[in-house]
Amino acid sequence: MEIRVFGARGSLPLGSRPSAFGGNTPCVACTAASGAVLILDAGTGIFPLGRQLAEAGPRRDIYLLFSHVHWDHIQGFPFFGPAYDAGGCLHIMGGPTAGGTWEQALCGQMQHPYFPVPLSALHASLDFQKWPNAARWQMGPFLVSRAQTNHPGGGFAYRIQCEGTSLVYATDTEHFPSGIDTNLAALATGADLLFYDCTYFPEEYPAHIGHGHSTWRHGVELAHAAGVRQLVLFHHEPSHEDEALEEMERQAAREFPRVWAAREQSVHIA
Ligand SMILES: [Zn+2]
Ligand SMILES: [Zn+2]
């Protein structure tokens, strides 16, 4: 399974200055040997992903799995090229959210007066899949399991297993005052890769308690507790320049050597 980052910024896309980390909001693509793709979140990074899928040629199975409904995780969806591809099919799933169904959520952001093209005008067929009761389930070749995140409005972290590789995607979550989230530690046990919400430096965090985001230090603690092989710092705070993200990487690496801050187009084959 190939894992490629298409968007790693939290909250807001940034395009005003070049960055080694890119400017798009969350989107990570997992690609199986068969060509099937499982996409985690539809931040603005899903736009370049859609172009890349179109260039790659033949249509393939596309699965779209959402962490939660906050705007930075859905705002790219109306610009996802394969959604306009007649004959294509997108299998879409997300957890229960306060805003209703996922069809309503994606439809809502494309309604007048927010957007000119309604969801009903997309040419691909949209297969909104039922949220499973089972603790783990299959999406094409991908075996998926989940844990709730600690985030305003709720959300889910996922473990994706395919072809001997395991990835845990835990964005938009805040550690508990008592320390790491034991549910996330259980989900991430022995994983090859852990993407974790490292929006803040530890010294920035006290001003943001309750916002639903975490720090690199808690990412490191979680990585140690779960025994993961590699840690990816994710959901970069919009005001953090490249120098700050590189510094965060250095600080985290002193305590967990196999760590890096997520960069767009970086590829991980664990
Ligand atoms: Zn977010
Ligand atoms: Zn959020």
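Refer to the structure presented above.
In short, a report on the structure. Note that the coordinates shown come from a computational prediction; the quantities given were computed from them, not determined experimentally.

### Overview of the coordination of the zinc ion (ligand 2)
Argument step 1. For the zinc ion (ligand 2), every protein donor is listed as His68 (NE2), His70 (ND1), His151 (NE2) and Asp172 (OD), and the spread of their distances is 2.1 to 2.5 Å.
Argument step 2. Taken together, the 4 donor atoms coordinating the zinc ion (ligand 2) and their angles of 90 to 173° define a geometry best described as irregular.
Argument step 3. Summarised as a motif, the one-chain spacing of the donors to the zinc ion (ligand 2) is H-x1-H-x80-H-x20-D.
Argument step 4. The distance between the zinc ion (ligand 2) and the zinc ion (ligand 1) comes to 3.7 Å, and aspartate 172 binds to both of them. Of the two residues, histidine 70 sits in the loop between strand E4 (62-66) and strand E5 (89-94) while histidine 151 sits in the loop between strand E8 (142-148) and strand E9 (156-162), which places them 81 residues apart along the sequence.
Argument step 5. Judged by relative accessible area, histidine 151 falls into the buried class, the value being 9%.

### Quick look at the sheet that holds strand E10 (residues 165-170)
Argument step 1. One open sheet accounts for 7 strands, arranged E7-E8-E9-E10-E11-E12-E13; its pairing is mixed. Each edge of the sheet is formed by a strand with only one pairing partner; in this case those strands are strand E7 (136-139) and strand E13 (259-261). Shown here is a sheet whose adjacent strand axes are inclined to one another by a mean of 20°, direction ignored.
Argument step 2. Here strand E12 (residues 230-234) pairs with E13 via 3 bridges, running parallel. Its bridge partner lying in E13, leucine 231 is registered against valine 259.
Argument step 3. Against the sheet, helix H4 (residues 216-226) makes contact with strand E11 (193-197) and E12, and its axis sits at roughly 150° relative to E11, the strand it touches most.

### So, the coordination of the zinc ion (ligand 1)
Argument step 1. Distances from the zinc ion (ligand 1) to its protein donors, Asp72 (OD), His73 (NE2), Asp172 (OD) and His235 (NE2), fall within 2.1 to 2.3 Å.
Argument step 2. Considering all 4 donor atoms around the zinc ion (ligand 1), the spread of angles at the metal, 92 to 165°, places the coordination shape in the irregular class.
Argument step 3. We note that the donor set of the zinc ion (ligand 1) lies within a single chain, spaced as D-H-x98-D-x62-H.

### Observations regarding the packing of aromatic side chains
To describe a pair of aromatic rings, you give the distance between the ring centres and the angle between the ring planes.
Argument step 1. Using the criterion set out here, one finds 8 aromatic pairs in the structure.
Argument step 2. Taking the centre distance of 6.5 Å and the plane angle of 70° together, the rings of tyrosine 63 and phenylalanine 142 count as edge-to-face. Note that tyrosine 63 is positioned in strand E4 and phenylalanine 142 in strand E8, a separation of 79 residues in sequence. The residues tyrosine 63 and phenylalanine 142 share a single accessibility class, namely buried.
Argument step 3. A ring pair is formed by tyrosine 169 and phenylalanine 234, whose centres lie 5.5 Å apart and whose planes are at 65°; its orientation type is edge-to-face. Separated by 65 residues along the polypeptide, tyrosine 169 in strand E10 and phenylalanine 234 in strand E12 bring together distant segments of the chain.
Argument step 4. The buried category is assigned to tyrosine 169, whose relative accessible area is 1%.

Cut-off values and rules
- Residues numbered from 1 in each chain as written.
- Chains lettered and ligands numbered in written order.
- Predicted model: local features only at pLDDT ≥ 70, side-chain atom pairs only at ≥ 80, totals over all residues.
- Heavy atoms only, no water.
- Donors = N, O, S within 2.8 Å, 3.2 Å for Na, K, Ca; no water.
- Tetrahedral: all angles 85-135°; square planar, octahedral: opposite > 155°, others 65-115°.
- Helix = DSSP H or I, 4+ residues; strand = E, 2+ residues; numbered from the N terminus.
- Buried < 20%, exposed > 50% of the residue type's maximum accessible area, 1.4 Å probe, protein only.
- Pairing = 2+ DSSP bridges.
- Axes fitted to C-alpha atoms, helices over the stretch in contact; angles between N-to-C directions.
- Contact = heavy atoms within 4.5 Å.
- Phe/Tyr/Trp six-rings, centres within 6.5 Å; stacked < 30°, edge-to-face > 60°.

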